[in-house]
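# Coordinate analysis (summary)
Letter by letter, the chains look like this.
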Amino acid sequence: MKIEVTKDWCIRMARLEVETGADMGIGGAPAVANPDAVALDPSSGSMPETNIAFGRFVRLMRRKRRQTVESLAEDAEIDVAELVEIEEDNHHRPEPRTVYQLAKHFDLPTPSLMQLAGLSAAKNASFYAEAIRFAARSETVEDLNDIERAALEAFVSVLNDRK
Amino acid sequence: MSIETSPVFLLEVATDQPIEADLLDGIAEQQLVHWEDEWMPVLRDVVARMKAAGIERSKWPQSLHWDWRQKAQGFERALANPGFCVMCQGMTQGMMFLDLLHKARIASQAGKELVYIEYLENAPWNRRHIAGDQVRFAGVGSILVRAAIELSREEGFKGRIGLHSLPQSNPWYANTCGMTDLGADPDYPHQLRYFEMTPEQAEAFLAKGNTS
Amino acid sequence: MALKKTMTLNLTDAEMGALEDLCEKKDLSKTAVLRQALRLYQAVETRVENGAKLFFENEETKEKAEVMML
């Protein structure tokens, strides 16, 4: 099918597209998810801050017990590779079973740890605030210093309060 | 299947200059190869960035699973599902598959035939949400919508078209295209909004590019 | 969609009447109705060949009647 379209028409419409910042995806499965929009969408998954807090929390709990990654993985019956990911990768989304095993091992309420891991939503914003405060206070250093220990213990009590 | 070519123009955004392009009334192997070798690596990169930002899998661009090759094979020889594409500088800049067996839903047009835009995708480097300030060509979407309207007229459907828009595209179809928004469609995946263009709205859309 | 070929179609009065009714109802030319009918026929055949069944469902009674395709 031959279509007659003038150069002027094409360019006027193209300028309109530029002016409006238009995107023209059509179709059953979104062809063009908007990464910016998704990143700002609070329902798009775990709060990143809590994931940072979760990784640091696990690491500090392990170090407090003077355990290596391998020995914690073995004791808690979880995969070493996943434990490494939890501690090293703030964006890692842990398996529910792993979080359950860690909660059992650390003797903490599973629902609280699930929330910290971003696997379930916290009932109020103060939990996230606590998690962020904990993450901010617990910059990882070689030895568990007093400040870290205080931060860790304060946060453990927050988690326990949420039973 | 013989494919016919119509000369069109795209706007090169960086230079603000018109660039010669072609509208093809078919999707062939060359377009599928471009999609596989040129579009997908860019989309995969976007996904890698989303993954790094901690965005869960269900929120990633679904076009990763949007298989133009599979669609082209499914629609091969299907009279009801013609495809169109825009080519510029030897590269596929956008693709569209249509369905001619849909009926109009607007009350005044109810039951009348229309051209339904089944899938429309712009090359990732032409999408502001992906390319940011580096968008290469503008005008692809307008030309493809125009092609759907022209086909609708050619088939005697008077320019009526319909489509389910992705959320970020809603303003374009509602405001610039002047289509009627029939709201979120509960029967459609992700409950995308359904838009329809009447013959009069099609006329107005074509006139939009003619007025200075 | 390229070059179109012309053919002569022989229809009975009843068939021509049905075609004209459809043209009026659909606001389409005879050619447009027949082209649309061919598209629909082909689409249904393809689906049935791929294992799908074609049903008409009564919206109120939910009663289904299978359409037999030749």
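Residues numbered from 1 in each chain as written. Chains lettered and ligands numbered in written order. Predicted model: local features only at pLDDT ≥ 70, side-chain atom pairs only at ≥ 80, totals over all residues.

With that settled, consider the overall build of chain A. Along its length, chain A carries nine helices and zero strands. Ordered by position from the N terminus, the helices and strands of chain A form the series α-α-α-α-α-α-α-α-α. Residues classed as buried in chain A amount to 37% of the 163 residues present. When contacts within chain A are restricted to residue pairs at least 6 apart in sequence, long-range pairs at least 24 apart make up 61% of them. (Helix = DSSP H or I, 4+ residues; strand = E, 2+ residues; numbered from the N terminus. Buried ≥ 20, exposed ≤ 12 C-beta atoms within 10 Å, placed from the backbone. Contact = placed C-beta atoms within 7 Å.)

Turning our attention to the packing of helix α4 (residues 69-76) of chain A against helix α5 (residues 80-88) of chain A. All names here are of chain A. α5 packs onto α4 with a crossing angle of 120° between their chain directions and a minimal axis gap of 9 Å. For the element pair α4 / α5, the angle class is oblique. For the pair α4 and α5, the crossing hand works out as right-handed. Two secondary-structure elements touch here, α4 through V69, E70, L72 and A73 and α5 through V80, L83 and V84. Grouping the amino acids of the contact of α4 with α5 by side-chain chemistry returns six nonpolar, no polar and one charged. (Axes fitted to C-alpha atoms, helices over the stretch in contact; angles between N-to-C directions. Parallel < 35°, antiparallel > 145°, perpendicular 65-115°, else oblique. Left-handed = near helix turned anticlockwise from the far one by under 90°. Nonpolar A, V, L, I, M, F, W, Y, C, P; charged D, E, K, R; others polar.)

On to the pairing of strand β4 (residues 91-103) of chain B, then. Residue and element names in this part refer to chain B. Across six bridges, strand β3 (residues 83-88) lies against β4 in antiparallel orientation. Counterpart to M87 in the pairing with β4 is T92. Where β4 and strand β5 (residues 113-122) come together, eight bridges link them in antiparallel fashion. The partner of G94 across the bridge, within β5, is N122. (Pairing = 2+ DSSP bridges.)

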